[in-house]
Amino acid sequence: MGRPEFQNSKKSGWLFMTAIICISFSLRAPMTSIGPLAGLMGASLGATNGFIGFISTLPLITFAVCSPMVSWFNVRFGLGKTMMAGLLLIVLGGVIRSYAGIAGLLMGTALVGIGICVGNVLIPSIVKLKFPQQIGIVTGIYITAMAAFASIGAGISYPLAESGLGWERVLLVWSGVAFLAVLSWLPHRSLGEDDRIEEIARKRNRKIGQNHKKKSIWKSPLAWYITLFMGLQSINFYSLTAWIPSILQSWGMEPETTGYMALWFQLIGIPASFLAPVMAAKLKSQKPVALGSGIFCVLGLAMLLYRPSVPFTMLALLLIANGGAASFAWSMAMAGLKADNAEEAASLSGMMQSVGYALAAIGPTLCGVLYDKVHSWNFVIILFIGLAVMMLIVGILASKKEKLFN
């Protein structure tokens, strides 16, 4: 018969893993479901295309603004309570945006964005705290689950709405998924209380002795390398997600085919989301992952410049999607692997997502403006290639350092 404490520890691990997976289901689908429903929402509410476009971008803006604040709330209230608050905001925001008109759509989407931001920032910290020896595989699992549900949200939202549910009830479905995440997190709502008490004690000791100064994450060169890596990946991914159909249509591809290409781009990178953090945790050097993901992005983008056939386009998008997915997953894993503790992991996660999503929010608009000026998508793709090369360089720099504060 096994030892009781071992059995309890194993059960606790499975409960945490289940909660992390449930939370990951709620961190992308409420966003990716907006695009396919944009036309129905605009027609129903009498909203302009510009307003609906802003609604699509609003979650990225909330990520950029709120990410640095999450680590403060984490220290102040603890991991468990902060995460619970974030999940409840996703549920509440989802209800408000479905049934309160244009103002509700705006306010509800902002609340959903803030709630998702909390989950984005805190999950790497939770993984560091509860799975310090399995950071790679746990990160791979939650990012894969998040990517899979993002694709499901984009793929089934419009058919569900057209089947008679309407866009309001479809958005409410994702609130239901977030409510399941709330239920799964209930047993862990006190997580981090002991750490918060210890942090208060450390602050008191610092006031007495001033022997130990807390280092700012914003002064760590490694934190900046990882942040820039994440940011450059984000600007390319979100820009391509927005413009790939238009780029391919301008080169003569049928609109229906470009829709399939966009879906292919979303789905084909999912395996890399799992493999990249697993490899990062197992390898002694991070350089192969940073180098490989960057090269995939550069090569795939260069292939697009030749205005390829459908099979060639699929190969190019496969390389870009896997390079991008590996880049994102690797940067998320770095928050746990390079930090000394869960608090540092939360601070780094907040920093890189703040900068990363600020760039992501700028990217699609910047690409549209550039195209309007030069009337050539080739120029925009060359810009993407330049950003991918920069990402590769900062990834190599990040791979040379062991910890945030050496």
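Residues numbered from 1 in each chain as written. Predicted model: local features only at pLDDT ≥ 70, side-chain atom pairs only at ≥ 80, totals over all residues. Heavy atoms only, no water.

A.B. asks: Even after reading the chapter, I still don't get the packing of helix α14 (residues 342-374) against helix α15 (residues 377-399), so can you show me in this structure?
C.D. replies: Axes are the key here: two packed helices are described by the angle between their axes and the distance separating the axes. For the pair α14 and α15, the least separation of the axes is 8 Å and the interaxial angle reads 140 degrees. If you check the angle between α14 and α15, you find them oblique. Of the two possible hands of crossing, α14 and α15 adopt the one that is right-handed. Across the interface between the two elements, C367, L370, Y371 and V374 of α14 pack against W377, F379, V380, L383 and F384 of α15. Classifying every residue of the contact of α14 with α15 by side-chain character gives nine nonpolar, no polar and no charged. (Axes fitted to C-alpha atoms, helices over the stretch in contact; angles between N-to-C directions. Helix = DSSP H or I, 4+ residues; strand = E, 2+ residues; numbered from the N terminus. Parallel < 35°, antiparallel > 145°, perpendicular 65-115°, else oblique. Left-handed = near helix turned anticlockwise from the far one by under 90°. Contact = heavy atoms within 4.5 Å. Nonpolar A, V, L, I, M, F, W, Y, C, P; charged D, E, K, R; others polar.)

A.B. asks: Is there a simple way to think about the packing of aromatic side chains in this case?
C.D. replies: Describing an aromatic ring pair means giving the distance of the ring centres and the angle of the ring planes. Across all of its chains, the model carries 13 aromatic pairs by this definition. Residues F237 and F265 carry aromatic rings whose centres are separated by 5.8 Å and whose planes lie at 25 degrees to one another, so their mutual orientation is stacked. Of this pair, F237 sits in helix α9 (residues 221-250) while F265 sits in helix α10 (residues 255-267), and the two are 28 residues apart along the sequence. Taken together, a centroid distance of 6.2 Å and an interplanar angle of 70 degrees make the contact between Y238 and Y357 edge-to-face. One end of the pair, Y238, is in helix α9; the other, Y357, is in helix α14, with 119 residues separating them in the sequence. On the basis of relative accessibility, which here comes to 1%, the residue Y357 falls in the buried class. (Phe/Tyr/Trp six-rings, centres within 6.5 Å; stacked < 30°, edge-to-face > 60°. Buried < 20%, exposed > 50% of the residue type's maximum accessible area, 1.4 Å probe, protein only.)

A.B. asks: Whenever I open this one, the environment of I295 confuses me. Can you help?
C.D. replies: Considering the arrangement of structural elements, one finds I295 in helix α12 (residues 287-304). By relative accessible area, which is 41% here, I295 ends up partly exposed. Taking the C-alpha atoms as reference points, I295 and A388, 93 residues apart in sequence, are found 8.1 Å from one another.

A.B. asks: What should I look at first to understand the nonpolar core in this one?
C.D. replies: A general feature of soluble globular proteins is that nonpolar side chains tend to end up buried together. Core analysis: the biggest nonpolar cluster contains 98 residues, and I20 and W185 have the highest contact counts within it. Ignoring any residue separated from it by four or fewer positions in sequence, one finds I20 in contact with I123, I126, V127, F131, V138 and Y142. In terms of nonpolar packing, the next biggest core, distinct from the first, is built from 15 residues, L105, F149, W167 and V170 among them. (Core = buried A, V, L, I, M, F, W, Y, C linked by side-chain atoms within 4.5 Å.)

A.B. asks: I tried to follow unusual backbone geometry on my own but got confused; where do I start?
C.D. replies: Note: most peptide bonds trans; most residues except glycine with negative phi. Look at H375: it is not a glycine, yet its phi comes out positive at around 55 degrees. Tracing the sequence through the fold places H375 in the loop between α14 and α15. When its relative accessible area of 58% is taken as the criterion, H375 is described as exposed.

A.B. asks: I keep staring at helix α13 (residues 310-337) and nothing clicks. Help me out?
C.D. replies: Two residues of an α-helix separated by three or four positions point the same way, owing to the 3.6 residues in each turn. Taking 1.5 Å per residue, 28 residues should reach 40 Å; α13 reaches 39 Å between its end C-alpha atoms and fits that length. Counting buried residues in α13 gives 21 out of 28 residues, a clear majority hidden from the surface. (Expected span 1.5 Å × (residues − 1).)

A.B. asks: Would you explain the side chain of S234 in this entry?
C.D. replies: Residue position: S234 is located in helix α9. Using a relative accessible area of 2% as the deciding quantity, one classes S234 as buried. Each residue touching S234, except ones within four places of it in the same chain, is listed here: G356 and A360.

A.B. asks: Quick question: what am I supposed to make of the environment of I61 here?
C.D. replies: Checked against the element boundaries, I61 lands in helix α4 (residues 49-77). The sequence separation of I61 and Y260 amounts to 199 residues, and the corresponding C-alpha distance is 28 Å. The residues contacting I61, other than those within four sequence positions of it, are F54 and A361.

A.B. asks: Even after reading the chapter, I still don't get helix α6 (residues 101-130), so can you show me in this structure?
C.D. replies: Given a rise of 1.5 Å per residue, 30 residues ought to cover 44 Å, and the 41 Å separating the end C-alpha atoms of α6 matches this to within 8%. Along α6, the helix axis deviates most sharply at L122, where the bend reaches about 35 degrees; the proline P124 sits within four residues downstream. In terms of burial, α6 is largely enclosed, as 21 of its 30 residues are buried. (Bend = angle between axes of the 7 residues up to and from the residue.)

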